[in-house]
Amino acid sequence: MGRAFEYRKATKLKRWGHMAKTFTRLGKQIAIAVKAGGPDPDMNPALRSVIAVCKRENMPKDNIDRAIKNAQGKDQSNYETRTYEGYGPHGIAIFVDTLTDNPTRTVGDVRSVFNKFSGNMGTSGSLAFLFDHKCVFTFKKKDDMDMDDFILSIIDLGAEDEYDEDPEEGTLTIYGDPKSYAEIQKYLEDNGFEDVGGEFTYIPNDLKDVTPAQRESIDKMVDKLEEFDDVQTVYTNMKPAEE
């Protein structure tokens, strides 16, 4: 399996460890998709994609339907994506992905954690060289797929030739240029692939080894950041612990 898949797999349980927070975060993504393209998944590709991710994370259908309904309310907040980055303990790079209806509150919350752990927040884009920004699609693999033909087709759309397969789940995961998200999603849906769930992610391009004591302090900082409802995902370039 590729570097990106192994990193995402190793950090998945930590990133999405608390079910209630997972559903809160996905609910915000539903709200953004509904406000941008309407409440009908058949007419809204972004919403279809988020719903597929919700199902993969075992979010109950009632929760999904409720989030879609709430997103149509007159008094609903307008969420926007904000990212914050900097260095935490022991020189580990930390990238914080948020969805917020109050950027002033969110940046204050994030900065307070960096300060508490003697970290330093940088300017937007200052750590871009340490992380690869990618779009990620996971979907059901078809029986008797010709993977060579498939890869050649999606490369033309901006996808990478690296892919990962999960035999237990019967899924494929592919990666691509974030700017090609819509084209790749359309291709997958037009060609009959099922449960197409798309996301954006940051993959560190150089993982740093840490001692157990250092890992503990960094994990505490990440945990503190993830306590905020506005925080979607926290990425680091710390090498995942071996199982």
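In the block above lies the structure referred to throughout.
Now for a look at the structure at hand. Since we're looking at a predicted model, the values are computed, not measured. (Residues numbered from 1 in each chain as written. Predicted model: local features only at pLDDT ≥ 70, side-chain atom pairs only at ≥ 80, totals over all residues. Heavy atoms only, no water.)

### Points about the packing of helix H5 (residues 103–116) against helix H8 (residues 212–226)
No. 1: Packing of H5 against H8 brings their axes to within 10 Å, and their N-to-C directions diverge by 160°. When the axis of H5 is compared with that of H8, the two are roughly antiparallel. The interaxial crossing formed by H5 with H8 has right-handed handedness. Seen from H5, the contacting residues are Val-110, Val-113, Phe-114 and Lys-116; seen from H8, they are Met-221, Lys-224 and Leu-225.
No. 2: Across the contact of H5 with H8, the residue classes tally to five nonpolar, no polar and two charged. (Axes fitted to C-alpha atoms, helices over the stretch in contact; angles between N-to-C directions. Helix = DSSP H or I, 4+ residues; strand = E, 2+ residues; numbered from the N terminus. Parallel < 35°, antiparallel > 145°, perpendicular 65-115°, else oblique. Left-handed = near helix turned anticlockwise from the far one by under 90°. Contact = heavy atoms within 4.5 Å. Nonpolar A, V, L, I, M, F, W, Y, C, P; charged D, E, K, R; others polar.)

### Quick word on the packing of aromatic side chains
No. 1: In total, this model carries eight aromatic pairs according to the counting rule given.
No. 2: For the pair Phe-95 and Phe-131, a centre-to-centre distance of 5.8 Å together with 55° between the ring planes defines the contact as tilted. Of this pair, Phe-95 sits in strand S2 (residues 93–100) while Phe-131 sits in strand S4 (residues 131–140), and the two are 36 residues apart along the sequence. Accessibility classification places Phe-95 together with Phe-131 in one group, the buried group.
No. 3: For the ring pair Phe-139 and Phe-193, a centre distance of 5.1 Å and an interplane angle of 65° mean the geometry is edge-to-face. Pair noted here: Phe-139 is in strand S4 and Phe-193 is in the loop between helix H7 (181–190) and strand S7 (197–204), with a separation of 54 residues, a long-range link. A single burial state applies to Phe-139 and to Phe-193, both of which are buried.
No. 4: A connected cluster of aromatic rings, assembled from ring pairs, spans Phe-95, Phe-131, Tyr-202 and Tyr-235. (Phe/Tyr/Trp six-rings, centres within 6.5 Å; stacked < 30°, edge-to-face > 60°. Buried < 20%, exposed > 50% of the residue type's maximum accessible area, 1.4 Å probe, protein only.)

### A closer look at the environment of Asp-109
No. 1: Looking at the element boundaries, Asp-109 is found in helix H5.
No. 2: Taking C-alpha positions, Asp-109 is 9.8 Å from Val-231, a pair spaced 122 residues apart along the chain.

### Brief notes about the packing of helix H3 (residues 45–56) against H7
For any two helices packed against each other, one specifies the inter-axial angle together with the distance between the axes.
No. 1: The N-to-C vectors of H3 and H7 enclose an angle of 75°; their axes lie 11 Å apart at closest approach. Put simply, H3 runs roughly perpendicular to H7. From H3, Pro-45, Ala-46, Arg-48 and Ser-49 reach across to H7, where they touch Tyr-181, Gln-185 and Glu-189.
No. 2: For the contact of H3 with H7, a count of residues per class yields three nonpolar, two polar and two charged.

### Concerning the sheet that holds strand S5 (residues 159–166)
No. 1: Across the sheet, four strands lie side by side as S5-S6-S4-S7; this open sheet has antiparallel pairing. Only two strands of the sheet have a single neighbouring strand rather than two, namely S5 and S7. The sheet shows a mean angle of 30° between the axes of neighbouring strands, direction not considered.
No. 2: Where S4 meets strand S6 (residues 171–176), six bridges bridge the pair, whose relative direction is antiparallel. Each bridged residue has a counterpart across the sheet, and for Val-136 the counterpart in S6 is Tyr-175.
No. 3: Together, S4 and S7 form the strand contacts of H3, whose direction differs from that of S7 by roughly 75°.
No. 4: Against the sheet, helix H6 (residues 147–155) engages S4, S5 and S6, with an angle of about 140° to S5. (Pairing = 2+ DSSP bridges.)

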